[in-house]
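These are the residues of each chain, in order.
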Amino acid sequence: MNVVFAVKQYISKMIEDSGPGMKVLLMDKETTGIVSMVYTQSEILQKEVYLFERIDSQNREIMKHLKAICFLRPTKENVDYLIQELRRPKYSIYFIYFSNVISKSDVKSLAEADEQEVVAEVQEFYGDYIAVNPHLFSLNILGCCQGRNWDPVQLSRATQGLTALLLSLKKCPMIRYQLSSETAKRLAECVKQVITKEYELFEFRRTEVPPLLLILDRCDDAITPLLNQWTYQAMVHELLGINNNRIDLSRVPGISKDLREVVLSAENDEFYANNMYLNFAEIGSNIKNLMEDFQKKKPKEQQKLESIADMKAFVENYPQFKKMSGTVSKHVTVVGELSRLVSERNLLEVSEVEQELACQNDHSSALQNVKRLLQNPKVTEFDAARLVMLYALHYERHSSNSLPGLMMDLRNKGVSEKYRKLVSTVVEYGGKRIRGSDLFSPKDAVAITKQFLKGLKGVENVYTQHQPFLHETLDHLIKGKLKENLYPYLGPSTLRDRPQDIIVFIIGGATYEEALTVYNLNRTTPGVRIVLGGTTVHNTKSFLEEVLASGLHSRSKDSSQVTSRLASRR
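Residues numbered from 1 in each chain as written. Predicted model: local features only at pLDDT ≥ 70, side-chain atom pairs only at ≥ 80, totals over all residues. Heavy atoms only, no water.

1. A short note on the overall build of the chain
Then, in step 1: Helix and strand content of the chain: 21 helices and 18 strands.
Then, in step 2: Taken across its 570 residues, the chain has 51% of its residues classed as buried.
Then, in step 3: For the chain, contacts bridging at least 24 residues in sequence account for 82% of all contacts bridging at least 6.
Then, in step 4: Entry remark: accessible area of the chain is about 27,500 Å², with carbon and sulfur atoms responsible for 51%. (Helix = DSSP H or I, 4+ residues; strand = E, 2+ residues; numbered from the N terminus. Buried < 20%, exposed > 50% of the residue type's maximum accessible area, 1.4 Å probe, protein only. Contact = heavy atoms within 4.5 Å. Areas by Shrake-Rupley, 256 points an atom, 1.4 Å probe, with all protein chains shown as cover.)

2. Some thoughts on the packing of helix 18 (residues 469-478) against helix 19 (residues 512-524)
Then, in step 1: Helix 19 packs onto helix 18 with a crossing angle of 30 degrees between their chain directions and a minimal axis gap of 10 Å. Relative to helix 19, the element helix 18 is oriented roughly parallel. Crossing of helix 18 against helix 19: the hand is right-handed. On helix 19, the residues touching L470, H471, L474 and I478 of helix 18 are E514, T517, V518 and L521. (Axes fitted to C-alpha atoms, helices over the stretch in contact; angles between N-to-C directions. Parallel < 35°, antiparallel > 145°, perpendicular 65-115°, else oblique. Left-handed = near helix turned anticlockwise from the far one by under 90°.)

3. Quick notes on the confidence of the model for the chain
Then, in step 1: For the chain, the mean per-residue pLDDT works out to 85, and 88% of the residues sit at or above 70.
Then, in step 2: Here residues 452-459 is a poorly scored stretch, pLDDT under 50, and it has two contacts once near neighbours within four places are set aside; other chains count.
Then, in step 3: Taken together, the stretch residues 555-570 has pLDDT below 50 and engages in 13 contacts with residues farther than four places along the chain or on a different chain. (pLDDT = per-residue confidence, 0-100.)

4. Some remarks on the pairing of strand 6 (residues 130-133)
Then, in step 1: In the sheet, strand 6 pairs with strand 7 (residues 136-138) via three bridges, with the strands oriented antiparallel. Residue A131 lies in a different strand from strand 7, and its bridge partner there is F137.
Then, in step 2: Joining the antiparallel neighbours strand 6 and strand 7 is a turn of two residues. (Pairing = 2+ DSSP bridges.)

5. Comments concerning unusual backbone geometry
Then, in step 1: The phi angle at E48 is positive, at roughly 70 degrees, despite the residue not being glycine.
Then, in step 2: Structurally, the position occupied by E48 is in the loop between helix 3 (41-45) and strand 2 (49-54).
Then, in step 3: With phi around 50 degrees, N244 is a residue other than glycine that occupies positive phi space.
Then, in step 4: For N244, the position within the fold is in the loop between strand 12 (242-243) and strand 13 (246-248).

6. Regarding the side chain of N346
Then, in step 1: When you line up the elements, N346 lands in the loop between helix 11 (308-344) and helix 12 (347-359).
Then, in step 2: Those residues in contact with N346 that sit more than four places away from it in its chain are L341, L373, N376, K378 and V379.

7. Describing the pairing of strand 10 (residues 174-177)
Then, in step 1: Covered by surrounding structure in strand 10 are M174 and R176 together with I175 and Y177, the residues of both alternating faces.
Then, in step 2: Taking the sense of rotation as the criterion, the β-α-β connection linking strand 10, helix 7 (residues 182-197) and strand 11 (residues 212-217) turns out left-handed. (Right-handed = clockwise from strand over helix to strand, strands pointing away.)

8. Observations regarding the packing of aromatic side chains
Then, in step 1: Enumeration according to the criterion identifies 12 aromatic pairs in this entry.
Then, in step 2: Pairing Y91 with Y94 gives two aromatic rings, centres 6.0 Å apart and planes at 55 degrees, and the pair type is tilted. By the burial criterion, Y91 is buried, and Y94 matches it.
Then, in step 3: Look at Y129 and F137: their rings are 5.7 Å apart centre to centre, the planes differ by 65 degrees, and that puts the pair in the edge-to-face class.
Then, in step 4: Of the residues examined, Y129 reaches a relative accessible area of 1% and is grouped as buried.
Then, in step 5: Owing to a relative accessible area of 0%, F137 belongs among the buried residues under this scheme.
Then, in step 6: Here the aromatic cluster, defined as three or more aromatic residues joined through ring pairs, consists of Y10, Y97 and F125. (Phe/Tyr/Trp six-rings, centres within 6.5 Å; stacked < 30°, edge-to-face > 60°.)

9. A look at helix 6 (residues 152-168)
Then, in step 1: A rise of 1.5 Å per residue sets the reference length of helix 6, with its 17 residues, at 24 Å; its end C-alpha atoms lie 24 Å apart and thus fit the reference within 8%.
Then, in step 2: Burial of helix 6 is extensive: 13 of the 17 residues sit out of reach of the surface.
Then, in step 3: The opening residue of helix 6, the one whose side-chain oxygen lies 3.0 Å from the backbone nitrogen of V153, is D151.
Then, in step 4: Two residues or fewer after helix 6 comes K170, characterised by a positive phi angle close to 55 degrees. (Expected span 1.5 Å × (residues − 1). Polar contact = N/O pair within 3.5 Å; in protein donor to acceptor, adjacent residues only side chain to side chain.)

10. Comments concerning the pattern of salt bridges
Then, in step 1: Evaluated as defined, the whole model comprises 30 salt bridges.
Then, in step 2: A salt bridge links R157 to D128, with the nearest nitrogen and oxygen atoms 3.5 Å apart. Here the residue R157 occupies a position in helix 6, and D128 occupies one in the loop between strand 5 (119-124) and strand 6, the gap between them amounting to 29 residues. For the pair R157 and D128, one class covers both residues: buried.
Then, in step 3: Across the salt bridge formed by R340 and E337, the nearest N and O atoms sit 2.9 Å from each other. Placement of the pair is R340 and E337 together in helix 11, with a separation of three residues, close to one helical turn.
Then, in step 4: The class for R340 is partly exposed, based on a relative accessible area of 29%.
Then, in step 5: Salt bridges sharing common partners tie together E238, R345, E354, D383 and R386. (Salt bridge = Lys/Arg side-chain N within 4 Å of Asp/Glu carboxyl O.)

11. Topic: the nonpolar core
Then, in step 1: The biggest cluster of nonpolar side chains holds 159 residues, and the ones touching the most others in it are L187 and I215.
Then, in step 2: With 10 residues, the single largest contributor to this core is helix 14 (residues 381-394).
Then, in step 3: Not counting residues within four places of it along the chain, the set of residues in contact with I215 comprises L162, I175, R176, Y177, Q178, A184, L187, A188, F505 and I507.
Then, in step 4: Within the second largest apolar cluster, 20 residues are counted, among which are V24, V79, Y94 and V118. (Core = buried A, V, L, I, M, F, W, Y, C linked by side-chain atoms within 4.5 Å.)

12. Remarks on the sheet that holds strand 2
Then, in step 1: With parallel pairing, the five strands of this open sheet are ordered in space as 2-1-3-4-5. What marks the edges here is a single partner per strand, and that holds for strand 2 and strand 5. For this sheet the average axis-to-axis angle between neighbouring strands, irrespective of direction, equals 15 degrees.
Then, in step 2: Pairing of strand 1 (residues 23-27) with strand 2 involves five bridges; the strand directions are parallel. Bridging across to strand 2, K23 finds its partner in V49.

13. Considerations on the side chain of T511
Then, in step 1: You can see T511 is positioned in strand 16 (residues 510-511).
Then, in step 2: Among the residues examined, T511 registers a relative accessible area of 4% and is labelled buried.
Then, in step 3: Beyond its immediate chain neighbours, meaning those up to four positions away, T511 contacts R218, T224, P225, L532, V537 and H538.

In structure tokens, the structure reads:
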């Protein structure tokens, strides 16, 4: 189950099926992103695709010597653009591929518009999602819910994305969902409806143990997307932001022009592929090795190019050298910027306290540490608010809860009202009242013993002791212990055997920390294959935007008013 490979295969097949000759690839805004995640422009150029165009671009030239490969989402808008295109074709012949199921009436409209008979074929290729890592996919939807319910447009997009994923991996799954979430149940029902309606598409070879689709809700674990990260991919997303594998470095002090935007893709960057899941400390030493390796391979300035053989060797090695030079400068710049931000924002100290808030249960120590950091001028308003959010989520119902005092500290620090209000909104989004699970206290004797032993041994790395709640959920699922009263099956049948192929989808967005959990489970659990997806892939900033977009507001009055009243009573 490799989502990058699945999408890549579709695109290769489209290009192959159109036969030899020069081609143009005609896409929409979303399919452009889908293609760019799995193929570089130079790779596609080698397959005789010399032009990339958007279907909605008005000023495309007529080029009758080119064949057109159209890869589009089956939206009304795209069908209309295609109808206009076919009435006045700009290219010699059209191969049309929709990324999802297209209605018969739309196909009929296209056939009627094709008076000049330029369409060679119309097919459905189900690459209707963003393949981020081999085991991670996203739908790039930010703000999927209104309050506690789906935004209808996004529900439809999530259903399409998830059913396309199942079709591309050739899985017809049994479905389980998180009972405490109405949105999870709703999406499960919508996916089931499509599987029933399009039953012919889902007739795959039966496996002994049917695959399982598990639908979860971000509200159940609002802690994971609030934490600073220390593995390479997750850290880059947290501090710099990854958007379809692209990183914007234009704000980096003294950045050179060609490094203003860089691409980090494990598919064609060996260093990134080998280091994306390693800790920041290891990355530092690996960058040093990369640099030394580069120095050795660097062509000597005064290298004599006397014979034809010398010149030939130089020319042959030059592209590799140039590629390596690009890789080195890119990663040195990215790691350098991460280091700068870590020290400028005092993130080692901040992260240590975040981990304490997420993993330990010592209230007075946590409170002291948060108060201490709120006084530190190096701690930004963003990090200060994040610490208070973590405190508010963990100690929401603690008898000595000191949230009003911390809210006052935020105010005194000059933290903007936007962030102060978000503290109560985050609790409203993922607080105890909403969660179907118990995030913080160990559930059974085994878990309590584990935590006790962990406390005795100490933690090998204080910055990465947190495990996302997803780890426990999947661990129980793999062992056949996931409670049906909390995660029921949709429909009458249940799975007798332990699942082998598992697709997990998180409404409200997954995180790179959860992707790392899935990567590790895939590596260490023989016979089990897990793919993780989400409406998007969050860092703290985008998660807070998601929470804001849901339009939830604190049930209590504005916390700052409550705070000032409490303070005046003292």
